[in-house]
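The residues making up each chain are set out below.
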Amino acid sequence: MVKCTAAMEVVLSSCNRCPSTSWLAVGSVKMQCSWTGNGINPIVLFVELRDPSFLHGQEGDEHSFSKGHTRVQNMGVDLVVGQMMVASSSTLGDHSDKIESLRVPPVLQRTRFSTHEIISSPGFLKPEALVRYLGKMDSITRKQMQTYWEGKDEVKAFPLAKTLTLSLACRFFLGSDDPERIARLVSNFDDVTLGMHSIPLSFPGTTFYRATKAAAAICKELGIVIREKRARMAEGEQAQDILSHTILATDPSGNHMTEAEIAGKIMGLLVAGYSQVATAMTFFMKYVGQRPDIYAKILTEQTEVATAKKEGELLDWDDIQKMKYSWNVIYEVMRLTPPIQGAFREALTDFTYAGYTIPKGWKIYWTVSTTNKNPKYFPDPENIDPSRYDDGKAFPPFTFVPFGAGPGMCPGKEYARLAILTFVHNVVTRFKWEVVFPEEKIGGDMMPIPEKGLPIRLQSHSC
Ligand code: HEM
């Protein structure tokens, strides 16, 4: 058994300014694994309290989103994945030699190659590049509808949305359509996603331990994918996906990434591109399934798009531009249930916010949902009202942050928009649906998860 020693400082604080529950950072934890003596990075300890107010709201978000000369710095996917990979190599017992090559110090991951730069540099996630993916996105979505949705009276929306988004991510990030490989990865990705937001106590039975095992399994599979891709590139295959460009990327000294670094980057991207998009699709099904008035308006919009197309013709960029009402509904879905509830930052200097002094080096958790429900900007905040985003209505910076804000804002926003709207088009033009358990419990710590997978009863338009 792995034993971890933890030295812990804890400061508890709360205030009554915030009407809803949020997460409060309360201290830092340093841990050491008794097997290897490896230190695991200090992390914040957070607990759920009623009415705590910490870094949220417009003022808090300005602190937490700004980078560089200001008070906090971003801790993105890389660092969390990096932590997990270091831990995985120290806790997997007899498998540790196999994944030794995958150990990547988190600092190295963050400084040599930024994920943001890698996915932005070849312009992969920019609208002009995404236009090229749209037809393929639509055809993958159609195929999945035919295979998993059509002819069924009842389906579980969450697992099906995850199968779809993982297939899309594997296609566009890895250039792979292999369904068996995708099926093998699904449960591992779920474990990694949960582990990214858990306290890194790595012994059998903990969420973090499961995540480290899953991360190791994904990296092993990715190692094979990377070697296959390198071989095809050596034979002249063009770089047409993010993996190829990551293989070709160099740091300022002209060095390429190691296989482990590439696997870490790609795993971070797959996790980001898979679970958040699936969560947004799932909560679209939940909220719209309970609001026939909103469903009717979306159906009108999507039917107009569909009837303007020839038989079998795939969606194009102009079609997406016509889906304004549908996207406003998605904004409301993400405002009420943000797929990412918040993220970590690290204080670069001591600073005081709302009467609390945050010491340098402490990890801070900022929350999305409290910001997005501020009644000053979103009157009657619990109500779904897509007209909030009608043309011409703008919100002040840092008041609506489902995709974050500032320099660390989500680089996958446009990709997510296309994937979600393509899904909306395909599901709404085929079915009307009813949520089986309107009061289904939403679990998950930092990421909302419907506990039963959101079962829905389908009624096909063709019946
Ligand atoms: C509905 C879908 C999505 C939502 C709601 C979402 C939300 C967010 C948020 C809130 C952040 C900021 C985190 C922070 O400030 O620390 C973020 C960052 C990020 N997202 Fe997304 N995201 C989505 C989809 C995607 C997709 C599809 C990709 C990849 C293609 C992606 C890649 C990333 C990356 C790499 C970062 C880190 C950026 C950095 O640190 O500079 N996301 N996302």
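Quick caveat, the model's predicted, so the values are computed rather than measured.

A. Highlighting the packing of helix α12 (residues 292-307) against helix α14 (residues 324-336). Orientation of α12 relative to α14, taken along the N-to-C sense of each, is 140°, at an axis distance of 8 Å. Where α12 abuts α14, its residues Ile294, Lys297, Ile298, Glu301 and Gln302 lie against Lys324, Tyr325, Ser326 and Val329. Among the residues forming the contact of α12 with α14, the class breakdown is four nonpolar, two polar and three charged.

B. Structural view of the pattern of salt bridges. Following the criterion strictly, the structure yields 17 salt bridges and no others. Measuring nitrogen to oxygen at the nearest pair gives 2.7 Å for the salt bridge that ties Glu259 to Arg227. Note that Glu259 is positioned in helix α11 (residues 259-289) and Arg227 in helix α9 (residues 207-234), a separation of 32 residues in sequence. Overall, the relative accessible area of 45% leaves Arg227 in the partly exposed class. Glu332 is paired through a salt bridge with Arg335; the nearest N and O atoms lie 2.7 Å apart. Note that Glu332 and Arg335 are positioned in helix α14 at a spacing of three residues, about one turn of the helix.

C. Main features of the coordination of the iron atom of the ligand. Of all protein atoms, Cys410 (SG) alone acts as a donor to the iron atom of the ligand, lying 2.3 Å away. With respect to the element layout, Cys410 can be found in the loop between α15 (369-372) and α16 (413-430).

D. Spotlight on the sheet that holds strand β10 (residues 431-435). The three strands are arranged β5-β13-β10 in an open sheet whose pairing can be described as antiparallel. At either margin of the open sheet sits one strand with a lone partner, and together these are β5 (154-156) and β10. Each strand axis lies, on average, 35° off the axis of its neighbour in the sheet, ignoring direction. This element, α11, spans β10 and β13 (455-460) of the sheet and lies at about 85° to β10.

E. Seen up close, the packing of aromatic side chains. Following the criterion strictly, the structure yields 17 aromatic pairs and no others. Arranged with centres 6.4 Å apart and planes meeting at 45°, the rings of Phe283 and Tyr287 form a pair that is tilted. On the criterion of helical spacing, the pair formed by Phe283 and Tyr287 is a turn pair, its members being four residues apart in helix α11. Given the relative accessible area of 2%, Phe283 is considered buried. The exposure class of Tyr287 is buried, given its relative accessible area of 18%. Between the aromatic rings of Trp327 and Tyr331, the centroid separation amounts to 5.2 Å while the plane-to-plane angle is 50°, which identifies the pairing as tilted. You can see Trp327 and its partner Tyr331 sitting in helix α14, four residues apart, about one turn around the helix.

F. Broad picture of the pairing of β10. The alternating pattern of β10 places Phe431, Trp433 and Val435 on a buried face, while none of Lys432 and Glu434, on the opposite face, is buried. In terms of strand pairing, β10 meets β13 through five bridges, oriented antiparallel. Across the sheet, residue Phe431 finds its bridge partner in β13, namely Ser460.

G. How the structure looks around unusual backbone geometry. One non-glycine residue, Phe398, lies in positive phi territory at about 70°. A positive phi angle, near 55°, is found at Leu454, a position not held by glycine. Following the sequence through the fold, Leu454 ends up in the loop between β12 (449-450) and β13.

H. Just the confidence of the model for the protein, in detail. Per-residue confidence for the protein gives a mean pLDDT of 75, with 71% of residues at or over 70. This stretch, residues 1-56, has a pLDDT under 50; its non-local contacts, to residues over four places away or in other chains, come to 151 contacts. The low-confidence segment residues 74-111 (pLDDT under 50) makes 80 contacts with residues lying over four places distant or belonging to another chain.

I. Here's a closer look at the side chain of Arg417. Along the chain, Arg417 turns up in helix α16. Residue Arg417 is classed as buried on the basis of its relative accessible area of 12%.

J. Here's a closer look at the packing of α14 against α16. Packing of α14 against α16 brings their axes to within 11 Å, and their N-to-C directions diverge by 110°. Looking at the two axes, α14 sits roughly perpendicular to α16. In terms of crossing hand, the pair formed by α14 and α16 is right-handed. Together, Ser326, Trp327, Ile330 and Tyr331 of α14 and Lys413, Arg417, Ile420, Leu421 and Val424 of α16 make up the contact between the two elements. Grouping the amino acids of the contact of α14 with α16 by side-chain chemistry returns six nonpolar, one polar and two charged.

K. How the structure looks around the side chain of Gln341. Relative to the helices and strands, Gln341 is located in the loop between α14 and β6 (342-347). Relative accessible area serves as the criterion here: at 17%, Gln341 is assigned to the buried category. One polar contact links the side chain of Gln341 to the main-chain carbonyl oxygen of Pro338, over a distance of 2.9 Å.

L. Highlighting α11. The terminal C-alpha atoms of α11, which comprises 31 residues, lie 44 Å apart, in line with the 45 Å expected from a rise of 1.5 Å per residue. A large share of α11 lies buried, amounting to 29 of its 31 residues.

M. Examining the pairing of strand β9 (residues 363-367) more closely. Among the five residues in β9, five count as buried, and that is most of the element. Residues of β9 alternate between two faces, with Lys363, Tyr365 and Thr367 on one and Ile364 and Trp366 on the opposite face, all of them buried.

N. Structural view of the environment of Glu313. Counting through the fold element by element, Glu313 comes out in the loop between α12 and α13 (317-321). A distance of 2.9 Å separates a polar atom in the side chain of Glu313 from the backbone nitrogen of Lys310.

O. Quick look at α14. For α14, which comprises 13 residues, the first-to-last C-alpha distance of 19 Å matches the rise-based estimate of 18 Å (1.5 Å per residue) to within 8%. Taken across its 13 residues, α14 has twelve buried, putting it largely inside the fold. Taken together, the buried positions of α14 are Tyr325, Ser326, Trp327, Asn328, Val329, Ile330, Tyr331, Glu332, Val333, Met334, Arg335 and Leu336. Check the buried side of α14 and you find it contacts α11, α12, α15 and α16.

Cut-offs used in this document
Residues numbered from 1 in each chain as written. Predicted model: local features only at pLDDT ≥ 70, side-chain atom pairs only at ≥ 80, totals over all residues. Heavy atoms only, no water. Axes fitted to C-alpha atoms, helices over the stretch in contact; angles between N-to-C directions. Helix = DSSP H or I, 4+ residues; strand = E, 2+ residues; numbered from the N terminus. Contact = heavy atoms within 4.5 Å. Nonpolar A, V, L, I, M, F, W, Y, C, P; charged D, E, K, R; others polar. Salt bridge = Lys/Arg side-chain N within 4 Å of Asp/Glu carboxyl O. Buried < 20%, exposed > 50% of the residue type's maximum accessible area, 1.4 Å probe, protein only. Donors = N, O, S within 2.8 Å, 3.2 Å for Na, K, Ca; no water. Pairing = 2+ DSSP bridges. Phe/Tyr/Trp six-rings, centres within 6.5 Å; stacked < 30°, edge-to-face > 60°. pLDDT = per-residue confidence, 0-100. Parallel < 35°, antiparallel > 145°, perpendicular 65-115°, else oblique. Left-handed = near helix turned anticlockwise from the far one by under 90°. Polar contact = N/O pair within 3.5 Å; in protein donor to acceptor, adjacent residues only side chain to side chain. Expected span 1.5 Å × (residues − 1).

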